[in-house]
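For reference, the chains in residue letters:
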Amino acid sequence: MSNIKYIIGSFADPDELMDGIDKLQANNISIYDCFTPMPIHGIEAKLGVKPSRLPIAAFCFGLLGGTLGFSLLYYTMTYDWPMNIGGKPALPLPDFVPVTFECTILITALGMVATFFYRNHLFPGRAPRVMDLRATDDRFIIAIDANDNVDHEKIEGLLKEAGAVEVKYNERKYVSYE
């Protein structure tokens, strides 16, 4: 069994998956990841997933967009093409608000899309990676790293006891759609 990388437990019901997570953690078995066809409330807390840092990235992109928008207006209205329009000041800050706001939203949205693609490795031409193809349709999957956990029979028994429909051993990290 040395070439086995992952033990895959397939569940038909999300409650059985959550029960399987509890049983495995009660026996000090580390879980590599869970794959589900829909979001399951509370699974992040059970698996110990850290909170996302995406709000920090969104704030940084928003700050960049606001700065770029304001800088563009300031440069064009003050240095590049200064115009005296009806005696208004050269730097009319209230008039800058709509364009600065729109640039903030635009750069934040584009930056978050780029961050999402980068973080999830969704590059053009890359084949999707899934542990079990049924995890995108109707199965709930628990993947356990076989190298970190030595007693494979015990893990298989715990998964079956929790309600696993199928337990299989994966020799490769991911299954390709091709």
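Owing to the predicted nature of the structure, the values given are computational and were not obtained by experimental measurement. (Residues numbered from 1 in each chain as written. Predicted model: local features only at pLDDT ≥ 70, side-chain atom pairs only at ≥ 80, totals over all residues. Heavy atoms only, no water.)

## Points about the UniProt feature "transmembrane region" (unreviewed entry) in the chain
Right, on to step 1. According to UniProt, the positions carrying the feature "transmembrane region" (unreviewed entry) are residues 56-76 and 96-118.
Right, on to step 2. Helix makes up 100% of residues 56-76 and strand 0%, with an end-to-end C-alpha separation of 30 Å.
Right, on to step 3. The span residues 96-118 is 100% helix and 0% strand, and its two end C-alpha atoms sit 33 Å from each other. (UniProt positions renumbered as here; feature names shortened; annotations may be inferred. Helix = DSSP H or I, 4+ residues; strand = E, 2+ residues; numbered from the N terminus.)

## A word on helix 3 (residues 54-80)
For an α-helix, the turn length of 3.6 residues means that residues three or four places apart are oriented alike.
Right, on to step 1. Here helix 3 contains 27 residues, and its C-alpha end-to-end distance of 36 Å stays within 8% of the 39 Å for a straight helix at 1.5 Å per residue.
Right, on to step 2. Listed as buried for helix 3 are Ala57, Gly62, Gly65, Gly66, Gly69 and Leu73.
Right, on to step 3. The inward-facing, buried residues of helix 3 abut helix 4 (93-119). (Expected span 1.5 Å × (residues − 1). Buried < 20%, exposed > 50% of the residue type's maximum accessible area, 1.4 Å probe, protein only. Contact = heavy atoms within 4.5 Å.)

## Topic: the packing of helix 3 against helix 4
When two helices pack together, their arrangement is given by the angle between the helix axes and the distance between those axes.
Right, on to step 1. Remark: helix 3 packs on helix 4, axes separated minimally by 7 Å, with the N-to-C direction vectors making an angle of 140 degrees. Between helix 3 and helix 4, the angle is such that the two are oblique. For helix 3 against helix 4, the interelement crossing comes out right-handed.
Right, on to step 2. In terms of residue class, the contact of helix 3 with helix 4 is built from 15 nonpolar, nine polar and no charged. (Axes fitted to C-alpha atoms, helices over the stretch in contact; angles between N-to-C directions. Parallel < 35°, antiparallel > 145°, perpendicular 65-115°, else oblique. Left-handed = near helix turned anticlockwise from the far one by under 90°. Nonpolar A, V, L, I, M, F, W, Y, C, P; charged D, E, K, R; others polar.)

## Concerning the domain arrangement of the chain
Right, on to step 1. Here the domain parsing of the chain yields domain 1 (6-51 + 128-177) and domain 2 (54-120).
Right, on to step 2. Using only C-alpha atoms to locate each centre, domain 1 and domain 2 end up separated by 45 Å. (Domains from an automatic or database assignment.)

## Structural notes on the sheet that holds strand 5 (residues 166-170)
Right, on to step 1. The strand order across the open sheet built from four strands is 2-4-1-5, with neighbouring strands paired in antiparallel fashion. Both edges of this open sheet fall to strand 2 (33-35) and strand 5, since each of them pairs with a single strand only. Across the sheet, the axes of successive neighbouring strands diverge by a mean angle of 20 degrees, strand direction being ignored.
Right, on to step 2. As judged from the three bridges shared by strand 2 and strand 4 (residues 140-145), these two strands associate in the antiparallel manner. Looking at strand 4, one finds that cysteine 34 is bridged to isoleucine 142. (Pairing = 2+ DSSP bridges.)

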